[in-house]
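# Observations on the model geometry
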Amino acid sequence: MNQFAMNFMHVLSGKEVSHSVYEDLKSRIDFLKKKGVVPSLAVILVGDDPASNVYVQSKSRQFKKMGLHSDTITFPEETSEAGLASFIEELNQDDTFHGILVQLPLPKQIDEKRIIRAISPEKDVDGFHPENLGLLTAGNPRFIPCTPKGILRIFSHYDISPSGKHIVILGRSNIVGRPMSILLSLKNDSGNGTVTLCHSRTADLKSFTKKADILVVALGSPELIDESYLKDGVVIVDVGINRVSDDSETRYKLVGDVHWESIQTIASYATPVPGGVGPMTIAMLVENTIEAAEQITKLS
Ligand code: NDP
């Protein structure tokens, strides 16, 4: 049994942690407002993907709740890459906005990498710009991508230290798995883990997951991970958000990449879906936008 092993599983509530993040942010918002600055975010949405629409709406709802400003600018599906890039250039110069977020995925005629590079690194509150990823890799981050940053905050809230632990991450995307693997292996208080990064070409996935003290799952495969992948006492972070059909009024429910019922007697801690990583991603977007406003206006 490792240090985390216990008789029953504890729920790592991202919802609860996000409330404490919002409480802590209030004084920083008040300070900026007294100086005449309202942290403001421009959200660019291209096309009408239903999941993207839901994400954008929940982000702007939270900004409103916190007394912050956010504008969603919607472009049609057939928008050109050049048109989008030149609009971003205008936003880079526009002092009204401290943060710029492009909701992914983008339609296939648009190169996501080029669009991310078009965002000013000082306004890149998602932390996806190569300059910001470089700073993060060097251990000197400007903006940490919201989902991995939210996971680190869950760990610190619940006193879960990655130091000396074997952390296995499933999924190597630029927005979750890869930055997570870098952050957890950095030589600092929220890092110092020994990290294994797995993906679809990993041979014998279970041989890695069964050795994990902490398992971060970001696959996009509904309920794939069950107890047969786990060792006793593992801490599980389930990043996945998947819509699966059911007989409810909405005709679907949200599930993670982890099979919740089957992990109850083996995991020591786990994030639920919904109410785990999702609320933290939004909280970290709010925090990064406040940081951007502080840095741009040199007020903090
Ligand atoms: P991507 O599709 O970009 O990446 C998925 C990764 O998982 C890839 O690296 C892929 O490997 C790997 N993978 C897929 N299937 C398997 C498998 N069977 N075995 C091993 N590896 C596999 O996804 P994202 O990182 O963008 O998102 C992952 C999930 O997290 C999604 O459900 C998404 O909705 C959710 N999400 C949730 C957020 C939140 O706030 N809670 C935020 C962002 C995402 P390969 O690289 O080889 O293709």
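Along each chain, residue indices are assigned from 1 in the same order as the chain's sequence is written. Side-chain atom pairs in this predicted model are given and counted only at pLDDT of 80 or more, local residue features only at pLDDT of at least 70, and totals for whole chains, interfaces and linings cover all residues. Computation of side-chain values covers all heavy atoms of the structure but excludes hydrogens and water.

Right, let's talk about the overall build of the protein chain for a bit. By definition, any uninterrupted DSSP run of H or I lasting at least four residues is a helix, any uninterrupted run of E lasting at least two residues is a strand, and each is numbered from the N terminus. Within the protein chain, the regular secondary structure consists of ten helices and eleven strands. For 300 residues, the compact-globule estimate of 2.2 N^0.38 gives 19 Å, and the protein chain sits close to it at 19 Å. With respect to the three principal axes, the spread of C-alpha positions in the protein chain is 55 × 40 × 40 Å. In the protein chain, which comprises 300 residues, the proportion classed as buried is 51%. Areas reported here follow the Shrake-Rupley algorithm with a probe of radius 1.4 Å; residue values treat only the protein chains shown as occluding. As displayed, the protein chain offers around 14200 Å² of accessible surface, 51% of which is attributable to carbon and sulfur atoms. Only four residue types enter the tally: Lys and Arg on the positive side, Asp and Glu on the negative side, with His and both chain ends excluded. Lysine's charge is taken at NZ, arginine's at CZ, aspartate's at CG and glutamate's at CD. For the protein chain, the separation between the mean place of its 31 positive charges and that of its 37 negative charges on side chains is 3 Å. Here the radius of gyration uses the C-alpha set of atoms, whereas the globule reference equals 2.2 Å times the residue count to the power 0.38. Only protein chains enter the accessibility calculation, which uses a 1.4 Å probe. A residue is then buried if its area is under 20% of the maximum for its type, exposed if over 50%, and partly exposed in between.

Domain assignment breaks the protein chain into domain 1 (36-122) and domain 2 (145-278). Segmentation into domains, and thus their bounds, comes from an automatic or database assignment. With centres defined by C-alpha atoms, the gap from domain 1 to domain 2 works out at 27 Å.

The next point concerns the packing of aromatic side chains. A pair of aromatic rings is counted whenever rings of Phe, Tyr or Trp (Trp by its six-membered ring) have centres within 6.5 Å, and the orientation is called stacked for planes under 30 degrees apart, edge-to-face for over 60 and tilted otherwise. In the structure shown here, the tally under the stated rule is one aromatic pair. Aromatic pair phenylalanine 75 and phenylalanine 87: ring centres 5.1 Å apart, planes at 70 degrees, arrangement edge-to-face. Placement of the pair is phenylalanine 75 in strand E3 (residues 69-75) and phenylalanine 87 in helix H3 (residues 81-93), with a sequence separation of twelve residues. There is no split in this pair, since phenylalanine 75 and phenylalanine 87 are both buried. Charge-over-ring contacts are defined here by two conditions on Lys NZ or Arg CZ: a distance within 6 Å of the ring centre and an angle within 35 degrees of the ring normal. Lysine 206 extends its terminal NZ or CZ atom over the ring of tyrosine 229, reaching a point 4.8 Å from the ring centre. Positioned above the aromatic ring of tyrosine 252, the side-chain terminus of arginine 243 is 4.2 Å from the ring centre.

The next subject is the sheet that holds strand E6 (residues 194-198). Two strands qualify as a pair provided DSSP detects at least 2 bridges between them. Strand order in the open sheet formed by six strands is E1-E11-E8-E7-E5-E6, with parallel pairing between adjacent strands. Of all strands in the sheet, those with a lone pairing partner are strand E1 (10-11) and E6, marking the two edges. Here a residue-residue contact requires only that any non-hydrogen atoms of the pair lie within 4.5 Å. Between N-to-C directions, angles cover 0 to 180 degrees, with each direction set by a line fitted to C-alpha atoms, over the stretch in contact for helices. Running over the sheet, helix H7 (residues 177-185) touches strand E5 (166-170), E6 and strand E7 (214-217) and is turned about 170 degrees from E6.

We call a residue near a molecule or strand as soon as one heavy atom of that residue lies within 4 Å of the molecule or strand. Of all residues adjacent to the ligand, which total 20 residues, the nearest are Arg172, Ser173, His199, Ser200 and Thr281. Distance and chemistry together define a polar contact, namely a pair of N or O atoms within 3.5 Å, with one atom able to donate a hydrogen and the other to accept it when in protein, and with adjacent residues in sequence counting only for side-chain atoms on both sides. The side chain of serine 173 places a nitrogen or oxygen atom 2.6 Å from an oxygen atom of the ligand. The backbone of valine 239 places a nitrogen or oxygen atom 3.3 Å from a nitrogen atom of the ligand. In the complex, the protein chains occlude 69% of the 930 Å² of accessible area that the ligand would expose alone. The dominant element in the shell around the ligand, judged by the number of residues it contributes, is helix H10 (residues 277-297), at three residues.

As a further point, take the pattern of salt bridges. For this document, the term salt bridge refers to a Lys or Arg side-chain nitrogen within 4 Å of an Asp or Glu carboxyl oxygen. This structure, assessed with the given rule, holds nine salt bridges. Among the salt bridges present, the one from glutamate 287 reaches lysine 149, with a minimum N-O distance of 2.8 Å. One end of the pair, glutamate 287, is in helix H10; the other, lysine 149, is in helix H6 (residues 146-157), and 138 residues separate them in sequence. The burial state of glutamate 287 is the same as that of lysine 149; both residues are buried. Within the structure, one salt-bridge network assembled from shared partners comprises Lys149, Arg153, Glu287 and Glu291.

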